[in-house]
Amino acid sequence: MTTGYTETVNKLIDELAKLPGIGQKTAERLAFHILKSKPAEALELAQAISDVKTKIKQCKVCFNFSETELCPICLDTRRDKTRICVVEQPKDVIVLEKTGQCKWVYHVLGGHIAPLEGIEPDNLTIDKLVERVKAGGVEELIMATNPNLLGDGTSLYISSLLKSTGIKITRLARGLATGTTLEYASGKMLTDAITSRQPLE
Ligand SMILES: [Zn+2]
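Rules used in this analysis
Residues numbered from 1 in each chain as written. Predicted model: local features only at pLDDT ≥ 70, side-chain atom pairs only at ≥ 80, totals over all residues. Heavy atoms only, no water. pLDDT = per-residue confidence, 0-100. Helix = DSSP H or I, 4+ residues; strand = E, 2+ residues; numbered from the N terminus. Donors = N, O, S within 2.8 Å, 3.2 Å for Na, K, Ca; no water. Tetrahedral: all angles 85-135°; square planar, octahedral: opposite > 155°, others 65-115°. Buried < 20%, exposed > 50% of the residue type's maximum accessible area, 1.4 Å probe, protein only. Core = buried A, V, L, I, M, F, W, Y, C linked by side-chain atoms within 4.5 Å. Contact = heavy atoms within 4.5 Å. Arc of directions from axis to C-beta. Disulfide = S-S within 2.5 Å.

**Q** Help me out: how do you make sense of the confidence of the model for the chain in this one?
**A** Close inspection of predicted coordinates is inappropriate in any region flagged by low pLDDT. Looking at the chain, the pLDDT average stands at 91 and 95% of residues meet or exceed 70. Averaged pLDDT values over the elements of the chain bottom out at 77 in helix α8 (residues 187-195) and peak at 98 in strand β4 (residues 104-108).

**Q** For this particular structure, what's the right way to read the coordination of the zinc ion?
**A** Around a metal, the perfect tetrahedron of four donors has angles of 109.5 degrees, and the perfect octahedron of six donors has angles of 90 or 180 degrees. Around the zinc ion, the protein contributes the donor atoms Cys59 (SG), Cys62 (SG), Cys71 (SG) and Cys74 (SG), at 2.3 Å from the metal centre. Classification of the site at the zinc ion rests on its four donor atoms, whose angles at the metal span 103 to 117 degrees, yielding the label tetrahedral. Between consecutive donors of the zinc ion, the numbers of intervening residues give the motif C-x2-C-x8-C-x2-C. In this structure Cys74 comes out as buried when scored by relative accessible area, which is 10%.

**Q** Would you mind going over the nonpolar core with me for this structure?
**A** Most often, soluble globular proteins have nonpolar side chains that are buried together. One finds Leu96, Tyr106, Leu141, Ile158 and Leu172 to be the most contacted residues of the largest nonpolar core, which totals 41 residues. In this structure Ile158 touches Val86, Leu109, Ile126, Leu129, Leu141 and Met143, once residues within four positions along its chain are discounted.

**Q** How do you make sense of helix α6 (residues 126-134) when you look at a structure like this?
**A** Those residues of α6 that sit buried are Ile126, Leu129, Val130, Arg132 and Val133. The buried residues of α6 occupy an angular sector of 160 degrees when the element is viewed end-on, so they sit on one face. Facing away from the buried surface of α6 by more than 90 degrees, the exposed residues are Glu131 and Lys134. Among the structural elements, β3 (80-87), β4, β5 (140-143) and α7 (149-162) are those in contact with the buried residues of α6. Taken from the residues just after α6, Gly136 is the one with a positive phi, measuring 95 degrees.

**Q** What's the story with the state of the cysteines in this structure? I'm lost.
**A** Should the sulfur atoms of two cysteines be covalently bonded, the bond is a disulfide. Here the structure, examined in full by the defined rule, presents zero disulfides. For Cys85, which is in no disulfide, the shortest distance to another cysteine sulfur is to Cys102 and amounts to 6.2 Å. Classification of Cys85 as buried rests on a relative accessible area of 0%.

Structure below.
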């Protein structure tokens, strides 16, 4: 709560300050910008926030964000559906797609296994991935979980579940620094990691 503002303005500042990377000062600046802006402009922002929470759901197949039952990538007939790239978060799909190297489809896990944070395999979409693979037609899983302890652990767990199927399981090459996240990798680094991916052991 900041003193000197009305309750309504305080509420806006408090909400803005909850956004990542926005401190109190920036939140105040943004709130005043919104206060000064034309009503139509400010309401458009409010509408966009509302739409993103009401219209966006998960793709039924890959669990990426989608406005339709199946996302545009799953619906794209030019995609190679025999190869599934497994990522932790929807934003990883965007990062990989930006390289222009990916003709495969995805599976978004919704995070990584982290028992200490109470995130067990059941909290992720791992069972749906296993179903997808066991339904047939998949030749390769490309594990693109983050190259850190929890991401690697998640990939190894999935690999152990699917070993008996005989499916090829690879992971992005380690041009990616261990301990990093895909989000912060450069396009060039990612492209190298994609083209020289290695079997996951
Ligand atoms: Zn999809």
